[in-house]
Structures are given as structure tokens and as C-alpha cells.
Amino acid sequence: QVQLVESGGGLVQPGGSLRLSCAASVFIFSRYAMGWHRQAPGKQRELVAAITSGGSTNYADSVKGRFTISRDNAKNTVYLQMNSLKPEDTAVYYCNGKVPGTSVDRWGQGTQVTVSS
């Protein structure tokens with residue numbers, strides 16, 4: 001059973017930084033397209049950043065220039081470096097992994113990020 005486990009969330013002041021990690025227990029992590037999504041209270045879950053198996057990335061407009069997604073296939077891990085955090089970045093952040101062309105679609109349990117002074 002594929003498992004995705006997020007870590008690195010917490011409380012940070014506006015302007016601060018956090019790095020989220022998502023460790024995947026899969027045989028061939030390099031096949032997976034990975035993404036970070038977030039859900040704030042009362043709002044729909046939204047895509048924050050994604051990275052393909054080939055390393056191409058895309059970002060929500062609201063985080064461009066502040067967040068960076070990366071992956072380390074040797075460690076079966078995807079990261080989200082978040083800089084210049086704003087109160088509106090407060091949400092539960094979820095890791096997602098998909099294998100394109102298949103029904104494989106997995107989610108982590110989420111990690112809370114709170115940006116507040």
C-alpha cells in the first residue's frame with residue numbers, strides 16, 4: 001500500500017520560511033507526478049505546486065516566486081520550500097502522488113501550516 005507522509009508544518013511569523021517534506025513508500029517513486037495542495041478553513045482544496053517525473057514544475061499564481069517544489073528520487077521524497085510566508089498561506093498542506101496513465105492517486109494525511117504574528 002502506497003503511503004505518503006508529510007512533515008515540516010508548524011507556526012511561523014509572516015515573512016518567515018518553512019520546508020515541507022513528503023516521504024513516499026513506493027517502489028518506483030520516479031514514475032510519480034507529485035504535488036502539494038492546501039485547504040484553508042471554509043475553502044476548497046487548491047493546487048499549490050506540482051512536479052512531474054521529469055522535473056517540470058508549475059505553481060499557483062499566489063505562490064510564484066515564493067515557493068519552490070523539488071524532488072529527490074533517491075530518497076523517495078518531495079519538498080516544498082516556502083519563503084516570504086503570508087497569513088493567507090495558512091492551511092493544511094497535503095501531498096499528492098499520481099502515476100500518469102493509471103488510476104494510482106494517493107494523498108497524505110496533511111500537515112498544518114499557520115502563519116501568524
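Every value quoted in this text rests on a predicted model; they were computed, and no experiment measured them.

Cut-offs applied
Residues numbered from 1 in each chain as written. Predicted model: local features only at pLDDT ≥ 70, side-chain atom pairs only at ≥ 80, totals over all residues. Heavy atoms only, no water. Disulfide = S-S within 2.5 Å. Helix = DSSP H or I, 4+ residues; strand = E, 2+ residues; numbered from the N terminus. Buried < 20%, exposed > 50% of the residue type's maximum accessible area, 1.4 Å probe, protein only. Contact = heavy atoms within 4.5 Å. Core = buried A, V, L, I, M, F, W, Y, C linked by side-chain atoms within 4.5 Å.

> Explain the state of the cysteines here, please?
Two cysteines whose sulfur atoms are joined by a covalent bond form what is called a disulfide. Under the criterion given, the structure shown has one disulfide. Sulfur-sulfur distance for the disulfide between Cys 22 and Cys 95 comes to 2.1 Å. The sign of the S-S torsion, about -80°, decides the handedness of the disulfide formed by Cys 22 and Cys 95: left-handed. Separated by 73 residues along the polypeptide, Cys 22 in strand S3 (residues 18-25) and Cys 95 in strand S9 (residues 91-98) bring together distant segments of the chain. Among the residues examined, Cys 95 registers a relative accessible area of 0% and is labelled buried.

> I'm lost on the environment of Ser 21 in this one. Help?
Relative to the helices and strands, Ser 21 is located in strand S3. For Ser 21, a relative accessible area of 16% corresponds to the buried category. For the pair Ser 21 and Gly 9, spaced twelve residues apart in sequence, the C-alpha to C-alpha distance is 8.8 Å. Every residue in contact with Ser 21, bar those within four places of it in the chain, is listed here: Val 5, Glu 6, Ser 7, Trp 36, Thr 77, Val 78 and Tyr 79.

> Help me out: how do you make sense of the nonpolar core in this one?
If you look at soluble globular proteins, the nonpolar side chains tend to sit buried side by side. Core analysis: the biggest nonpolar cluster contains 30 residues, and Met 34, Trp 36, Phe 67, Val 78, Leu 80, Met 82 and Tyr 93 have the highest contact counts within it. At the level of elements, S3, strand S4 (33-39), strand S5 (46-51), strand S7 (67-72), strand S8 (77-82), S9 and strand S11 (111-115) are the ones that each hand at least two residues to this core. Here Met 82 is in contact with Gly 16, Ser 17, Leu 18, Leu 20, Arg 66, Phe 67, Tyr 93 and Val 113, once residues within four sequence places are set aside.

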